[in-house]
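# Observations on the model geometry
Spelled out from the first residue to the last, the chains are:
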Amino acid sequence: MNELSRREELSLSGAALRGAPWKAAAVGGGVVAAASYGMGVILPGSADLPWALGLGISLFALIAAIGAVAKPQEGDRVTRQARSWSLQHPWKFALLPAGITAVLTYPVQLVIDGEGIFGAAWDSVWRGALVYLIAGILTLTMKGRAR
């Protein structure tokens, strides 16, 4: 009887992400995207801007997700409870960072890469699935931090 709806689960995931280290996530994602693109420019071969931006977006979501649940005892009461729920349900929590990745990657693939509607959707979905898998596994390894 204590089953949560999908909307309530996403709300809890969002509450857990409220205290995420957004600045560190943005800096980390930006540095990795710039380094990836820079390596493509410096080394022989083609520099792939959509790939570099997708990598940066993926890392941005991963840093935010793991940073949000890394310290479950910090923040206000609601944030602590949401983080505790996230650590107890790592695969449900990982859906939101995966969705963020897919949504942010889609316009990059569509506009910059020019893949078309379905190609951009495919790239966004597989990138989101990869973030889902990594975020779920990393959150699962931190499960012992939950009360």
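The structure under discussion appears in the preceding block.
Every chain is numbered on its own, with residues counted from 1 as its sequence reads. Given that this is a predicted model, residues contribute local features only at a pLDDT of at least 70 and side-chain atom pairs are listed and counted only at 80 or more, while totals for whole chains, interfaces and linings are drawn from all residues. Only heavy atoms go into the side-chain values, all of them from the structure, while hydrogens and water stay out.

### Brief notes about helix α7 (residues 117-141)
The helix count covers DSSP runs of H or I at least four residues long, the strand count covers runs of E at least two residues long, and both are numbered beginning at the N terminus. What a helix is expected to span follows from its residue count: subtract one and scale by 1.5 Å. The end-to-end C-alpha separation of α7 is 36 Å, in line with the 36 Å expected for 25 residues at 1.5 Å each. Regarding α7, the residues found buried are Ala 120, Asp 123, Ser 124, Arg 127, Gly 128, Val 131, Ala 135, Gly 136 and Thr 139. Note on contacts: a residue pair qualifies if any of its non-hydrogen atoms lie within 4.5 Å across the two residues. Considering only its buried residues, α7 is in contact with α3 (49-70), α4 (77-88), α5 (90-93) and α6 (95-112). Whether a residue is buried, partly exposed or exposed follows from its accessible area with a 1.4 Å probe, protein chains only, as a fraction of its type maximum: under 20%, in between, or over 50%, in that order.

### Details of a nonpolar patch on the surface
Only residues whose relative accessible area exceeds 30% and that take part in no salt bridge are eligible for patches, with like-charged residues grouped when within 9 Å of each other and nonpolar side chains (Val, Leu, Ile, Met, Phe, Trp, Tyr) grouped when within 5 Å. Computed with the Shrake-Rupley method and a 1.4 Å probe, the accessible areas treat only the protein chains shown as cover for residues. Salt bridges are defined by distance alone: a side-chain nitrogen of Lys or Arg within 4 Å of a carboxyl oxygen of Asp or Glu. Together, Trp 51, Leu 55, Trp 91, Trp 122, Trp 126, Leu 130, Leu 133, Ile 134, Ile 137, Leu 138 and Leu 140 make up an exposed nonpolar region whose accessible area comes to about 990 Å². Elements with a minimum of two residues in the nonpolar patch: α3 and α7.

### Points about the packing of α3 against α7
All axes are obtained by fitting lines to C-alpha atoms, using only the stretch in contact for helices, and the reported angles, taken between N-to-C directions, cover 0 to 180 degrees. Here α3 crosses α7 at 25 degrees, and the two axes come no closer than 10 Å. In terms of axis orientation, α3 runs roughly parallel to α7. Our pair here, α3 against α7, has a crossing hand that is right-handed. Here α3 contributes Trp 51, Gly 54, Leu 55, Ser 58, Ala 61, Leu 62, Ile 66 and Val 69 to the contact with α7, which in turn contributes Trp 126, Arg 127, Val 131, Ile 134, Ala 135, Leu 138 and Thr 139. The residue makeup of the contact of α3 with α7, split by class, is 11 nonpolar, three polar and one charged. If an angle is under 35 degrees, it is roughly parallel; if it is over 145, roughly antiparallel; if it lies from 65 to 115, roughly perpendicular; otherwise it is oblique. Note: crossing handedness is left-handed where the near helix turns anticlockwise from the far helix by less than a right angle, and right-handed where it turns clockwise. The classification used treats Ala, Val, Leu, Ile, Met, Phe, Trp, Tyr, Cys and Pro as nonpolar, Asp, Glu, Lys and Arg as charged, and all other residues, Gly among them, as polar.

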